[in-house]
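Observations on the three-dimensional arrangement
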Amino acid sequence: METVSISKGIFVFKNGATSAKRKKSKSKSSSKPFKNLLDTESLAAPWYQAYNSLWTRLDTKIDELQKQSYNKIYQEFTKFVQECNCTYSDTIPTAALLTGINQSDHISQFNKLCVKLRSELDALIVVLESRHCPTPKAAIETIVNALIDASESMNDQDDEEEIKLKRNQLNIWCLMKWYEKRYEHIDLQDRPKLIIMMPDFEGFLPEVLQNLILVLHGYQETLPFIFVFGVATSFDTIHETLPFNVTNKISVKVFLSEASPVTLNQVIDQVILAHDCPFHLSGTTFRMLTDIFLFYDFSVHGFVQGFKYCMLEHFSQGNIYALSSNDLNTQNLIQNLNHEEMEEIRSLHSFRKFVETRENPKEIIQLLTNDEYLQNSLPKFIDDLNAYWKNFHCSLEVIFQLCANLPKNHFGKHLREFYRTCISIDVSESTEYKEIVQLLTFMSRDEILEKIQSIVKVLEKYTIDKNSSFAKEFREDLLHCMNQIEAASMEVPCNENDQNPVTNSLKVTNRFELKEKLLQAAKQPKSVSPFTKIVTETVEKINKFISLHLRPLSKAPPLFELFVFMDHVSVKRHIMGVPRAAIHQALNNPAHYLQCDCCEIENDESTLLPTMPDISIVYKLHLECGKMINMFDWLQSFKIVVDEKSVDEEDEDDTAIDPQIQARFTKAVAELQFLGFIKPTKKKTDHVQRLTW
């Protein structure tokens, strides 16, 4: 479809020479040190030190998890490249890496794979993206330039040997001659392989891929090519894109990477929801981040960056939020708090709620007015919060193991779903939890023992800490219950009252006596087996443990806001932007973004000022029009707003337009069309159609 524009333009593309080797001076100048956006005072503030230390620790753990996740596929792929015998094969060795639909993580995974291969193999690698390959000729030029550049960067040479090639000289014949000359002293089998990676296989045009494979296959005897396809959907995409006469030129081996939800669950379970992470998200904020991942992009990197933004937003609220950090000295932070920061603590909702529950008036006055008294009370508050979060995470993992593999999945299948629910409501009082407790009493011996054993393994992580005596005691109780369950008998003991039910029924003379006897029999305790009795007692102990320690934020100790980020509205506004609303705000009130006095509007947003940008004036004028906009009337209105002389002086010829004003108007209308607010119409040549309302 041809693009129709209101304004026309001519653009020149220079066909200059392309250097096959980057100069050392350019490479050094390109790597400039990153300039921090914060000033020196902010970098030295306690809140930034707490944020930086915590994020560094979490980021290191996330990198280790991703390395472990990618390590297996990296080893298999490296082995595949080493075993490839390209020159003595009729087909080009090809690796299809199924990475899933997560484009941002897709590219980063290929970049890590390139670094891994360059460090372990003597190979020339080029990453070929679809946006650089609109035609087969452009793809070959990009490949040749990148391969020669990669070889020159691996082998340091003097500037005198630098090779400069024009764009039209970058072809396969040139690459073959350069390759034979460069590696003529090395045997054909030992020469470095030429690896071509295509991270976005689905983004390439089928004709470009077909012609590229056919051309490179003709030079396979002298140039050892290896293809790497990054497939985001399924393996069938390769056969749907390439016909048989092309697929028989490549030999494909499939490599499966770990699915994005699996990687996300590992990051959440082992890093974000670990008991040593003091920073937490509220249920609403956590749901928003997971929904963005599940319904938008499947990007683990995007989720981690969203979590990082929440952490930065949380700590940047003030130095009092540094009290949640485990890496800094809490006592020193408390002693350095000033009066304003003490007032911030007093303004927290949980603190006000705590003060209202105090019965001693003197204590209330001291907490609200005496900074020294509040400073002395803060260590106890922080210790109570640390104990609360440790108990919360322990009981969260206990209930997760307890509900695993049960029907209906009342609280979900993953730990993140349990966390989102348990931090928002009291699950011990919910009907779903009561159903789960009832289901546990009907389990077999092996099933209940397996449940208890998984809970014991969870408690072992928390028994290492000396302050977690509750976990140690509960673990010992469960081990004792396990021994009793294993030795308990499943036979029901006989009851003397139930030995002769027939004889008892014969003594009934009427229906009223039968009713009374049935009611009395229902009130009498039924005989149960020792196994059922000990299982019921064990389930009650677990229920008591969860009810005591798995408390939501509404029942958390005071000052829990220092550990929890709850402003999901601001995060949604920054992460999930609304482009149309932002564009309307920028065009309707440009001073909001430009921060200038000349464009500032006091009350009425429909006010037009000549100092506003041209596109803002044109946009506001178009809001006053209907479905069809007359271009001449639009131009005249623009002239009246912009040119003040036209209002003061009455010209004889009203149709005379200053060429400069007309050019400004044409440019502004073209920009408005580019943004999608208007479009040309064939109904009336001198009109445009409005598209938004």
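Residues numbered from 1 in each chain as written. Predicted model: local features only at pLDDT ≥ 70, side-chain atom pairs only at ≥ 80, totals over all residues. Heavy atoms only, no water.

As recorded by an unreviewed UniProt entry, the protein chain carries the name Origin recognition complex subunit 3 and is attributed to Culicoides sonorensis. Quoted verbatim from the Subunit (unreviewed entry) field of UniProt, the annotation for the protein chain is "Component of ORC, a complex composed of at least 6 subunits: ORC1, ORC2, ORC3, ORC4, ORC5 and ORC6. ORC is regulated in a cell-cycle dependent manner. It is sequentially assembled at the exit from anaphase of mitosis and disassembled as cells enter S phase." What the UniProt record of the protein chain gives under Sequence similarities (unreviewed entry) is the line "Belongs to the ORC3 family." (UniProt positions renumbered as here; feature names shortened; annotations may be inferred.)

What to know about the overall build of the protein chain
When helices and strands are counted, the protein chain shows 31 helices and twelve strands. Considering the protein chain as a whole, with its 693 residues, one finds that 43% of them fall into the buried category. Contacts in the protein chain between residues at least 24 apart in sequence constitute 75% of all its contacts with a sequence separation of at least 6. When the accessible surface of the protein chain is totalled, it reaches about 39,600 Å², and 52% of it is carbon and sulfur. (Helix = DSSP H or I, 4+ residues; strand = E, 2+ residues; numbered from the N terminus. Buried < 20%, exposed > 50% of the residue type's maximum accessible area, 1.4 Å probe, protein only. Contact = heavy atoms within 4.5 Å. Areas by Shrake-Rupley, 256 points an atom, 1.4 Å probe, with all protein chains shown as cover.)

Concerning the side chain of Ser428
Residue placement: Ser428 occurs in the loop between helix H18 (415-422) and helix H19 (431-440). In this structure the side chain of Ser428 is engaged in a polar contact, spanning 2.7 Å, whose partner is the side chain of Asp426. In contact with Ser428, not counting residues within four places along its chain, are Tyr433 and Ser547. (Polar contact = N/O pair within 3.5 Å; in protein donor to acceptor, adjacent residues only side chain to side chain.)

As for the confidence of the model for the protein chain
Of the residues in the protein chain, 87% reach a pLDDT of 70 or more, and the chain-wide mean stands at 83. Of the regions scoring below 50 in pLDDT, residues 13-34 engages in 27 contacts with residues more than four places distant in sequence or in other chains. A low-confidence stretch, residues 499-503 (pLDDT under 50), is modelled with zero contacts involving residues beyond four sequence positions or located in other chains. (pLDDT = per-residue confidence, 0-100.)

Details of the pattern of salt bridges
Where side chains of opposite charge bring their charged atoms close, a pairing between them can arise. Tallied over the entire structure, the rule returns 14 salt bridges. Lys137 is the salt-bridge partner of Glu141, the closest N and O atoms lying 2.4 Å from each other. One end of the pair is Glu141 and the other is Lys137, both in helix H5 (residues 136-154) and four residues apart, which spans about a single turn. Given a relative accessible area of 53%, Lys137 falls into the exposed group. Taking the shortest distance from any N to any O, the salt bridge between Glu397 and Lys461 comes out at 2.8 Å. Here Lys461 lies in helix H20 (residues 445-462) and Glu397 lies in helix H17 (residues 371-403), a separation of 64 residues in the sequence. Given a relative accessible area of 14%, Glu397 falls into the buried group. Bridged by salt links that share partners, the residues Arg57, Lys61, Asp276 and Asp327 form one connected network. (Salt bridge = Lys/Arg side-chain N within 4 Å of Asp/Glu carboxyl O.)

Some details on the packing of aromatic side chains
Summed over all chains, the structure comprises 26 aromatic pairs. Ring centres 5.7 Å apart and planes at 80° place the aromatic pair Trp389 and Phe392 in the edge-to-face group. Linking Trp389 with Phe392, this pair stays in helix H17, spanning three residues, or about one helical turn. Of the two residues, Trp389 and Phe392, neither departs from the other in class, the shared state being buried. Cluster of aromatic residues (ring-pair linked, three or more members): Phe286, Phe303, Tyr388, Trp389, Phe392 and Tyr419. (Phe/Tyr/Trp six-rings, centres within 6.5 Å; stacked < 30°, edge-to-face > 60°.)

Structural notes on the packing of H19 against helix H24 (residues 530-549)
Contact pair H19 / H24: the axes reach a minimum separation of 9 Å and the direction vectors enclose 155°. In this view, H19 runs roughly antiparallel relative to H24, as classed from their interaxial angle. H19 and H24 meet at a crossing whose hand is right-handed. Within the contact between the two elements, H19 uses Tyr433, Val437 and Leu440 and H24 uses Val535, Val539, Ile542, Asn543 and Ile546. Residue composition of the contact of H19 with H24, by class: seven nonpolar, one polar and no charged. (Axes fitted to C-alpha atoms, helices over the stretch in contact; angles between N-to-C directions. Parallel < 35°, antiparallel > 145°, perpendicular 65-115°, else oblique. Left-handed = near helix turned anticlockwise from the far one by under 90°. Nonpolar A, V, L, I, M, F, W, Y, C, P; charged D, E, K, R; others polar.)

So, the nonpolar core
Formed by 104 residues in total, the largest nonpolar core has its most connected members in Phe279, Met311, Phe315, Phe392, Ile546, Leu559 and Leu562. The leading source of residues in this core is H17, at 14 residues. Residue contacts for Phe315: discarding those within four places in its chain leaves Trp47, Ala50, Tyr51, Leu54, Phe279, Tyr321, Ala322 and Ser324. By size, the runner-up hydrophobic cluster in this structure holds 39 residues, among which are Ile143, Val144, Met198 and Val231. (Core = buried A, V, L, I, M, F, W, Y, C linked by side-chain atoms within 4.5 Å.)

Quick word on the sheet that holds strand E3 (residues 123-127)
Spatially, E3-E5-E6-E2-E7 is the arrangement adopted by the five strands of the open sheet, whose pairing is parallel. Of all strands in the sheet, those with a lone pairing partner are E3 and strand E7 (250-256), marking the two edges. Across this sheet, the average inter-strand angle for adjacent strands is 20°, counted without regard to direction. Both strand E5 (residues 193-198) and strand E6 (residues 225-231) contribute to a ladder of five bridges, which runs parallel. Along E6, the bridge assignment pairs Met198 with Phe229. (Pairing = 2+ DSSP bridges.)

Quick look at the pairing of E3
Regular strands show a simple pattern: their side chains alternate between the two faces of the sheet. E3 sits mainly inside the fold: four of its five residues count as buried. Across five bridges, the pairing between E3 and E5 is parallel. Residue Ala123 lies in a different strand from E5, and its bridge partner there is Lys193.

Side note on a nonpolar patch on the surface
On the surface, a nonpolar cluster with roughly 250 Å² of combined accessible area is contributed by Val252, Val254 and Leu256. Within the element layout of this structure, Leu256 appears in strand E7. Exposure remark for Leu256: the relative accessible area of 64% places this residue in the exposed category. (Patch = residues over 30% accessible without salt bridge, like charges linked within 9 Å, V, L, I, M, F, W, Y side chains within 5 Å.)

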